[in-house]
Amino acid sequence: MKKALLGVFAVSALTVAMSSAFAQEGAPAMTAAEKEQGSKIYFERCAGCHGVLRKGATGKNLEPAWKKTDKEGKVTEGGTLKLGTARLEKIIAYGTDGGMVNYDDILTKEEINVMARYIQNTPDVPPEFSLKDMKDSWKLVVPVKDRPTKQMNKINLANVFATTLRDTGELALIDGDTKEIWSILKTGYAVHISRMSASGRYVYTVGRDGLVTMIDLWYEKPTTVASIRLGSDARSVEVSKFKGYEDKYLVGGGYWPPQYSIMDGGTLEPLKIVSTRGATVDGEYHPEPRVASIVASHIKPEWVVNVKETGMIKLVDYSDIANLKEITINSAKFLHDGGWDYTKRYFMVAANASNKVAAVDTKTGKLAALVDTKKIPHPGRGANFIHPKFGPVWATGHLGDAVITLISTPTDDKKYAKYKEYNWKVVEELKTNGAGNLFVKTHPKSTHLWADMPMNPERDNAEVNYVYDIKDLSKPPVKIDVAKDSGLPVTKALRRAVHQEFNKDGTEVWISLWGGKTDQSAIVVYDDKTLKLKKVITDPKMITPTGKFNVYNTMHDVF
Ligand code: DHE
């Protein structure tokens, strides 16, 4: 059965491979076909926020019945069984004020009914995934010796954008100079992020189904040279960036099983798996502590591995894989995404459902600060700039509140010494037009801070970006109507304007217009100085574009 998990259709294979301890006393009955449908939809749409075992993280606990005792000894009980089918259908269809998005434009009425019944039954437990399973899934399509020895194309590789085409399970490589689609390659399902090798030659992607794909940009056309599976659910992948280790290792973070896996950077041969199961910062055992963001340090042979449910940040020393050393730093539960501060010494990571941002000092290997913020910070990688009043700041938007939080970050640079008193404080909260922000972005050469709101339920917010003037943050932001600028017809489904990425020179901002799963979408490119539309990149094959990763900016962590 595990073998089937390795195939291209891992999602349906996963459904079949799940443990059959499913029927829950008192839960609505389901046919085998409905269970399979529910399992597939749950994996594709729900597991990311609620967890495979449904214990909750960014989203609420969805076990059929749960009991909690708080610090004062007060016991609360709840669960999906108590809520019942009709109430659950409403929540799934229309969302909640707590941040759950509506699915009435994505799922049919019948699918919503299946999901309402499915989550009243006992969660499925997918199988584990061993080093042997990884090895069995490993495909070395082109061995290193058979690859080109020099760049065989004339593309300016540093300005290529690796673009996720979410629902088609593909990656579009777009030439940033000509803005032509260079190639579209098959990858894992709903690729989450792309990272570049330290040399900039290889692109590594990871799909939600755990499939890692390694693409060589030196061929005439980008070519997949290796692939491997990390498990059945994953979100992060990162290279080794420290001097002497360039292109040597790759690490992948699993949602299921909860573990990180180290691979050879040139071939993807699996080398080591490290489980992240264990106690949370509160000292309670958690069976599913998923690996969220991973970044590579520029100053040490180390990865910063953020473990969501435990709230522990691991500094993993990759200089001796056989005798692996980890520093484990306590922060706050529900670690998610984050990015470097402007000195690249501190890693800033959102503990999203704890409403905090943790800052790790990668020089000393200690927690530098735990900063309280408004509800559900969601930085992406965040944005660094010099605030006119408070000096260097790192910015995060919020899924759950109408602000962008600016946190003062320290530096040894004497010219900013006068701002020391503000360090690790929230120095300003910029007002936004509502909650539902996912990404903020700027560039060292830009004087603008771009913010999206794709998870806001209002069309007027979800389809636009707001641009703040960093030189004068008291000015109201400029609204950029990305959907209108795309020139594409209005559709019933919202076309979410999501994720901004600068080009290599920091003169253009690329924004994805993420439409329905069968609608033609676009990447809309703006001139950062004038905020004027520069180009609409669209094509019948441009379906559900989301994250975009400029080769140079990703290699050097420019944001
Ligand atoms: Fe993401 C980054 C997890 C939903 C687009 N997302 C990340 C990271 C994690 C994560 C852990 C950090 C990776 C890193 O830096 O190593 N994302 C999750 C989820 O668990 C969640 C909430 C639900 C799920 O089922 O996956 C989720 N994410 C989404 C989306 O729905 C988005 C908007 C569209 C899509 O493509 O699926 C989305 N996530 C992104 C993007 C990044 C990302 C574009 C990288 C941002 C960057 O600039 O680095």
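Figured I'd write up the structure that's included with this text. (Residues numbered from 1 in each chain as written. Predicted model: local features only at pLDDT ≥ 70, side-chain atom pairs only at ≥ 80, totals over all residues. Heavy atoms only, no water.)

Helix and strand counts for the protein chain come out as nine helices and 37 strands. Taken over C-alpha atoms, the radius of gyration comes to 22 Å for the protein chain, in line with the 24 Å a tight globule of 559 residues would show. C-alpha extents for the protein chain along the principal axes are approximately 65 × 55 × 50 Å. When the 559 residues of the protein chain are sorted by exposure, 60% land in the buried category. In the protein chain, the proportion of contacts linking residues at least 24 apart, taken out of those at least 6 apart, comes to 54%. The average position of the 77 basic charges and that of the 67 acidic charges among the side chains of the protein chain differ by 2 Å. (Helix = DSSP H or I, 4+ residues; strand = E, 2+ residues; numbered from the N terminus. Rg over C-alpha atoms; globule rule 2.2 N^0.38 Å. Buried < 20%, exposed > 50% of the residue type's maximum accessible area, 1.4 Å probe, protein only. Contact = heavy atoms within 4.5 Å. Lys, Arg positive; Asp, Glu negative; His and termini not counted. Charge placed at Lys NZ, Arg CZ, Asp CG, Glu CD.)

Further remarks concern the sheet that holds strand E21 (residues 335-340). Within the open sheet, the four strands sit side by side as E21-E22-E23-E24. Their pairing is antiparallel. Each edge of the sheet is formed by a strand with only one pairing partner; in this case those strands are E21 and strand E24 (366-372). Neighbouring strand axes in the sheet, compared pairwise and without regard to direction, differ in orientation by 25 degrees on average. Examined bridge by bridge, strand E22 (residues 346-351) and strand E23 (residues 356-361) share six bridges and lie antiparallel to one another. Considered in E23, the bridge of Ala-350 is made with Val-357. (Pairing = 2+ DSSP bridges. Axes fitted to C-alpha atoms, helices over the stretch in contact; angles between N-to-C directions.)

Another point: the nonpolar core. The biggest cluster of nonpolar side chains holds 36 residues, and the ones touching the most others in it are Leu-173, Val-203, Tyr-204, Val-212, Leu-217, Leu-250 and Leu-268. Excluding residues that lie within four positions of it along the chain, Leu-173 makes contacts with Val-160, Phe-161, Ala-162, Glu-180, Ile-181, Trp-182, Ser-183, Leu-185, Val-203, Ile-215, Leu-217 and Pro-222. One finds Tyr-42, Leu-107, Ile-112 and Val-114 within the second-largest nonpolar core, a separate group that totals 20 residues. (Core = buried A, V, L, I, M, F, W, Y, C linked by side-chain atoms within 4.5 Å.)

Here we take up the site of the ligand. Neighbouring residues of the ligand: 23 residues in total, closest His-192, Arg-235, Tyr-255, Arg-381 and His-499. Separating an oxygen atom of the ligand from a side-chain N or O atom of His-499 is a distance of 2.7 Å. For the shell around the ligand, the secondary-structure elements that each account for two or more residues are helix H3 (32-50), strand E7 (193-196), strand E11 (233-239), strand E17 (291-296), E21 and strand E37 (545-550). Its residues placed into classes, the shell around the ligand shows nine nonpolar, eight polar and six charged. (Near = heavy atom within 4 Å. Polar contact = N/O pair within 3.5 Å; in protein donor to acceptor, adjacent residues only side chain to side chain. Nonpolar A, V, L, I, M, F, W, Y, C, P; charged D, E, K, R; others polar.)

Judged by pairing direction, the sheet is antiparallel, and its four strands sit side by side in the order E29-E30-E31-E32 without closing on themselves. What marks the edges here is a single partner per strand, and that holds for strand E29 (440-441) and strand E32 (478-481).

Here helix H4 (residues 80-94) spans only 17 Å end to end across 15 residues, well under the 21 Å set by a 1.5 Å rise per residue. Remark: the principal bend of H4, roughly 75 degrees, maps to Ala-86. Contacts made by the buried residues of H4 are with helix H5 (109-118). (Expected span 1.5 Å × (residues − 1). Bend = angle between axes of the 7 residues up to and from the residue.)

As enumerated under the stated definition, the model contains 13 aromatic pairs in all. When the centroid spacing of 6.1 Å and the interplanar angle of 65 degrees are considered together, the rings of Tyr-249 and Tyr-318 count as edge-to-face. Placement of Tyr-249 in strand E12 (residues 249-256) and of Tyr-318 in the loop between strand E19 (312-317) and strand E20 (325-330) is noted, with a sequence separation of 69 residues between them. Accessibility expressed as a relative area gives 13% for Tyr-249, which makes it buried. Residue classification places Tyr-318 among the buried residues on the basis of a relative accessible area of 0%. (Phe/Tyr/Trp six-rings, centres within 6.5 Å; stacked < 30°, edge-to-face > 60°.)

For the rest of this paragraph, the subject is the pairing of E23. Across the six residues of E23, five count as buried, placing the element largely inside the fold. Where E22 hands over to E23, the hairpin turn is made up of four residues, of which Asn-355 adopts a positive phi near 55 degrees. Of the pairings in the sheet, the one linking E23 to E24 comprises six bridges and is antiparallel in character. Counted as the bridge partner of Val-360 is Leu-367 from E24. What sits between the antiparallel neighbours E23 and E24 is a turn of four residues, in which Gly-365 has the positive phi angle 70 degrees.

From the protein, the iron atom of the ligand takes a single donor atom, His-192 (NE2), 2.0 Å away. Turning to its location among the elements, His-192 is positioned in the loop between strand E6 (181-186) and E7. (Donors = N, O, S within 2.8 Å, 3.2 Å for Na, K, Ca; no water.)

Attention now goes to the pattern of salt bridges. Under the definition given, this model contains 29 salt bridges. Ionic pairing is found between Asp-233 and Arg-235, a salt bridge with its closest N-O pair at 2.7 Å. Taking the relative accessible area as the measure of exposure, Asp-233 reaches 2% and is therefore buried. Between Lys-241 and Asp-557 there is a salt bridge, with its nearest N and O atoms 3.1 Å apart. You can see Lys-241 sitting in the loop between E11 and E12 and its partner Asp-557 sitting in the segment after helix H9 (551-556), a full 316 residues away along the chain. Taken individually, Lys-241 and Asp-557 each receive the classification buried, so the pair is uniform in this respect. (Salt bridge = Lys/Arg side-chain N within 4 Å of Asp/Glu carboxyl O.)

Glycine aside, a negative phi is what most residues show, and trans is what most peptide bonds show. For the bond running from Trp-256 to Pro-257, omega is -10 degrees, close enough to zero to count as cis. A positive phi angle, close to 65 degrees, is found at His-499, a residue other than glycine. Looking at the element boundaries, His-499 is found in strand E33 (residues 496-502).

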